[in-house]
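# Reading the structure
The residues making up each chain are set out below.
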Amino acid sequence: MRRYILVCFCGFCGIFYRKYRGHTANCARGFIYKQLKTMLANICEKSYAAEAQYTNFYGGGDIAWSSDGQHFYCLSGAAVNQVDVQTSQILQSFGVSSTTEEKKKPANLDDIDVEEDAITCFALSHEHLVTAHRSGLLRLWLLSTCNLVKLWKAQHKGPVIKIEFSPCGRLVCTSGGADATLRLWDFANNSCLCALKDFPGPCWLLRFHPNVLRKEIYAVGSDNTIYCWNYQSKALLHKMRGHLSQVTGLSFKSNDAECNELATVSRDKVLIVWQLEDQVEGKQLKVLPLFDELEGVVYANEGREIVVASGTGNLQQVDAESWKIKNLLSQSDFQISRLLHCCDLKQLALVTTEQNIIIYDASSIEPVKHLVGYNDEILDMCFLGDNDRYLAVATNSKHFKLYDTENDMNCKLIVGHSDTVMALAGSHNLLISVGKDCSIRLWKLEHEKACSLEALTQQTNCHTSTIGCVAMTHNGATGFASVCQDGSMKVWNLTRDKQERNSYTFNLRYSALAHDKEVNCVAYAVNNKILATASQDKTAKLWMADSNSLLGVLRGHTRGVWSVRFSPVDQVVLTSSSDCTLRLWSISNFTCIKRFDQECTILRAEFLDHGKFIISAASDGLLKLWNIKTNTCLQSLDEHTDRVWALTVSGRSNRFFYTGGADSKLIRFGDVTQATRNEALDQRQETLEQEQTLHSLLHAQKQLHKAFVLALNLNKPKTTFDIIVHFVRERDEAGLRQLVDQLNVDQRVALLQHVKAWTTNSRNSHAGNVILKHLIGDALLDPKARFYNNGNMVEVLTPYVQRHFKRITEMNKELAFLEFIVKCM
């Protein structure tokens, strides 16, 4: 007797099975899980995005501090940047030539050319900012909205070199660079109130009396004399002679109407306090020689003290009653170009010649904040401290910078080298800096002071040429290696005194002629037993760290090798070269096992996510993220506009990294893989819901207007065509008209794209021409018609329409001929 068993086929797993209820359900769940896992992997394997960007915001020239002390307004080429004091970020820019400016222009200024025009100076009031341009134009901006309010010609010979707002903020005074004239403008009434010419120009220092009731303007002429006019009566009130060199600062004792005392400083190293009286010649109340070229002066502590800044970096305080002089700050690390004062916060700001802004508390002269206005090229950087809190950055200067990444990127200028710092290397709390002065300096983080380094020891003349790179051992600093342009490598022992814990010394272990040409990079393996060097001689070499013995040479690059790195998990070495390739090498047999191609020179490369990925930085400013397993480029980041010299990855979290380059941008990139996946899944879920809604509406043949909009949003040309055909067959002209009228500009552009897809087939030409009639007809009447012609859509559709028109014309002729034959029979 034969027995039969019922067997079924499973569509999920593709096998035959005995029939029972649970198999298909379990298999379906497993299938869905696999599909979801595959979709997650395909959505985003790894992704990074720029979290913060710190770029140049001050290029020298005029700078202003808002009255509340929250913002700096800094001149930078053709723009004035509003910078947040707390975060050092640019909030908005005034005077930038871009499409955003064109959108913000009032309608009556549409015919004025606003191409890039360098700003020579600017002035700030509580509500407005006025910029003077090289073309001779004055532009008035509203601070709250960044909108251009007015634009007029300055009527000066040559560009305006100085501009100032009156205390009420309604008048603007300008000084010409070649005509020795001051002009007073009432911008609200579009009029020039007066022109003052009784002085030898040009005027580089211009001030209004701080009290509105005193209608006085103070200007410094080319003869170093301070002139004072009453701009209402145009009468010359005072002439104050006494300085022998350019006057660089002028400050009033108070804002009272009775204030008749002001202080001026000059590069003749003299501070003069003036007493304004009825006579024209100003009375010198006090003359104090300070033996330094002076760059700024302000009254502080309600007029009881005078603070003076010198170009050499000294800050002095003069008692306004006893005239005793007190040194507040004495240093020679930087030179001061300007001195600013915020009365509300009682703070002083020193602007250096390197465009750094250092804010001090006026009473204690303790540094509060350091802003970097101009970085120049960023050459190298490294992390320091617990959880990689601090970031040390070398920027084509003899001083390098230490940023506190957890305190709004507060910065400290580290001084010590006598020439440009080229490379940095850090290990927990220790830092080594090297540069063009051929010296090696060892630093340590000061835990007592936030964002500060203590100089431990140094050695000069360590190499015979510029030291280009330095690397420290991992997991505790016991040594380091340095390489230079003459091809040599030196390995150093780093020891710590057992009695004095803060005492470190380093001595030379061995020296070797590593390469025939300049050595670009040196790196330690994770176990500190192997050293790798990369050179312009097209090779990379592996060395024993403890002895001067060569392990092997990595040959294969056709141009100079820029960087070399050891994998944190595998026995492989990563190199990047000018031949536009990344290569992975085996340490065991020194052969190339993988190669990644890029479009231009790859300057830096680092391992990411415990050796699973590679991030590379190229000379065109492009960063690329590579998957080592699949040899594919997962992502390209184009935040930089020039060569990327510096790239450092956080060794603690491995979830973020910083980059810096020749464009002076310091950018932080963070891991956004999970957020990108969630966003993609949410978008996919929303798309599925919309598709389900669209399917339901089409199945019920109801609310076709809503279904049409959904089909446009989902980019389904076949569905939109079916809906249009439905209206055409029903001869519902009104419904079709309503269908098109409900669309906005973006949806109409999308509909034009769908029409393009329809009209390629002659069978669908009727529906396409019906829609074109409505869209083009509306476009001819709409001043925004240029939005419809996105990507020259009309020009693309014209040949198809002409072909269909010709076909219909021929068909009409044939029908007429056929009708004639029928009638004749």
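Below is a short write-up of the structure. No experiment lies behind these values; they were computed from the predicted model shown.

## A closer look at the overall build of the chain
Tallying secondary structure elements over the chain gives nine helices and 58 strands in all. Taking all 825 residues of the chain together, 50% fall into the buried category. Within the chain, contacts between residues at least 6 apart in sequence are counted, and of these 44% link residues at least 24 apart.

## Here's the deal with the sheet that holds strand β43 (residues 504-513)
A sheet is described by the order of its strands in space; here four strands give the open sequence β40-β41-β42-β43, paired in antiparallel fashion. The open sheet is flanked by β40 (467-472) and β43, the only strands paired with a single partner. Taken over all neighbouring pairs, the strand axes of this sheet differ in orientation by 20° on average, direction set aside. The pairing of β40 with strand β41 (residues 479-484) spans five bridges and is antiparallel. Opposite Met472, over in β41, you have Phe480 as the bridge partner.

## Digging into the nonpolar core
Within soluble globular proteins, side chains that are nonpolar generally end up buried alongside one another. By size, the foremost hydrophobic cluster in this structure holds 30 residues, and its most contacted members are Met489, Val522, Leu531, Phe566 and Val573. Every element with two or more residues in this core is listed here: β40, β41, β42 (488-496), β43, β44 (519-524), β45 (530-535), β46 (539-544) and β48 (561-566). The greatest single-element share of this core, amounting to five residues, is contributed by β44. If near-sequence neighbours (up to four positions away) are discounted, Met489 is found in contact with Ser482, Val483, Tyr510, Ser511, Ala512, Ala514, Val522, Leu531, Thr533 and Trp543. Among the nonpolar cores identified, the runner-up in size contains 29 residues, and Val725, Leu739, Val740 and Trp758 belong to it.

## Here's the deal with the environment of Val755
Summarising the element assignment, Val755 is placed in helix α7 (residues 745-759). Taking the C-alpha atoms as reference points, Val755 and Ala767, separated by twelve residues in sequence, lie 8.4 Å from one another. Those residues in contact with Val755, other than ones at most four positions away along the chain, are Gly768, Ile771, Leu772 and Leu797.

## A word on the sheet that holds strand β35 (residues 410-414)
Pairing within the open sheet is antiparallel, and its four strands lie in the order β32-β33-β34-β35. Of all the strands in the sheet, the pair left with one neighbour each is β32 (380-384) and β35. When the angles between neighbouring strand axes are averaged without regard to direction, this sheet yields 20°. By the bridge criterion, five bridges tie β32 to strand β33 (residues 390-394) in an arrangement that is antiparallel. Within β33, the residue paired with Phe383 across the bridge is Leu391.

## Examining the environment of Arg139
Here Arg139 is to be found in strand β10 (residues 137-142). It is 10.0 Å that separates the C-alpha atoms of Arg139 and Ile119, two residues lying 20 residues apart in sequence. Of the polar contacts made by the side chain of Arg139, one reaches the side chain of His133; its length is 3.1 Å.

## Comments concerning unusual backbone geometry
Backbone geometry at Trp323 places phi at a positive 60°, although glycine is not the residue there. Secondary-structure assignment places Trp323 in the loop between β26 (315-319) and β27 (325-329). Of the residues examined, Trp323 reaches a relative accessible area of 19% and is grouped as buried. Positioned with a positive phi, Ile365 is a non-glycine residue whose angle comes to about 50°. Counting through the fold element by element, Ile365 comes out in the loop between β30 (356-361) and β31 (367-372). Judged by relative accessible area, Ile365 falls into the buried class, the value being 10%.

## What to know about the packing of helix α3 (residues 673-700) against helix α4 (residues 704-713)
Their axes nearest at 9 Å, the elements α3 and α4 cross at an angle of 145°. As α3 packs across α4, the resulting crossing turns out to be left-handed. The residues of α4 that touch α3, namely those facing Gln690, Thr693, Leu694, Leu697 and Leu698, are Leu704, Lys706, Ala707, Leu710 and Ala711. When the residues that make up the contact of α3 with α4 are grouped by side-chain class, the tally is seven nonpolar, two polar and one charged.

## Side note on α4
Summarising burial for α4: seven of the ten residues are buried, a large majority. Close packing links the buried residues of α4 with α3, α5 (717-729), α6 (733-741) and α7.

## Quick notes on a nonpolar patch on the surface
On the surface, a cluster of nonpolar side chains totalling about 440 Å² of accessible area is made up of Ile808, Met811, Leu815, Leu818 and Val822. Considering the arrangement of structural elements, one finds Leu818 in helix α9 (residues 793-824).

## Things to note about the pattern of salt bridges
Summed over all chains, the structure comprises 23 salt bridges. A salt bridge links Glu51 to Arg668, with the shortest nitrogen-to-oxygen separation between them at 2.8 Å. Here Glu51 is found in strand β3 (residues 48-54), whereas its partner Arg668 is found in strand β58 (residues 666-671), with 617 residues between them in sequence. Take Glu51: its relative accessible area is 46%, and that puts it in the partly exposed class. Two residues, Arg389 and Asp404, come together in a salt bridge whose shortest N-O distance is 2.8 Å. Within this pair, whereas Arg389 is found in the loop between β32 and β33, its partner Asp404 is found in strand β34 (residues 400-404), the two being separated by 15 residues in sequence. In this structure Arg389 comes out as partly exposed when scored by relative accessible area, which is 26%. Residue Asp404 is classed as buried on the basis of its relative accessible area of 1%. If you follow the salt bridges from partner to partner, you end up with Lys46, Asp609, Arg655 and Asp671 in one network.

How each quantity is defined
- Residues numbered from 1 in each chain as written.
- Predicted model: local features only at pLDDT ≥ 70, side-chain atom pairs only at ≥ 80, totals over all residues.
- Heavy atoms only, no water.
- Helix = DSSP H or I, 4+ residues; strand = E, 2+ residues; numbered from the N terminus.
- Buried < 20%, exposed > 50% of the residue type's maximum accessible area, 1.4 Å probe, protein only.
- Contact = heavy atoms within 4.5 Å.
- Pairing = 2+ DSSP bridges.
- Axes fitted to C-alpha atoms, helices over the stretch in contact; angles between N-to-C directions.
- Core = buried A, V, L, I, M, F, W, Y, C linked by side-chain atoms within 4.5 Å.
- Polar contact = N/O pair within 3.5 Å; in protein donor to acceptor, adjacent residues only side chain to side chain.
- Left-handed = near helix turned anticlockwise from the far one by under 90°.
- Nonpolar A, V, L, I, M, F, W, Y, C, P; charged D, E, K, R; others polar.
- Patch = residues over 30% accessible without salt bridge, like charges linked within 9 Å, V, L, I, M, F, W, Y side chains within 5 Å.
- Areas by Shrake-Rupley, 256 points an atom, 1.4 Å probe, with all protein chains shown as cover.
- Salt bridge = Lys/Arg side-chain N within 4 Å of Asp/Glu carboxyl O.

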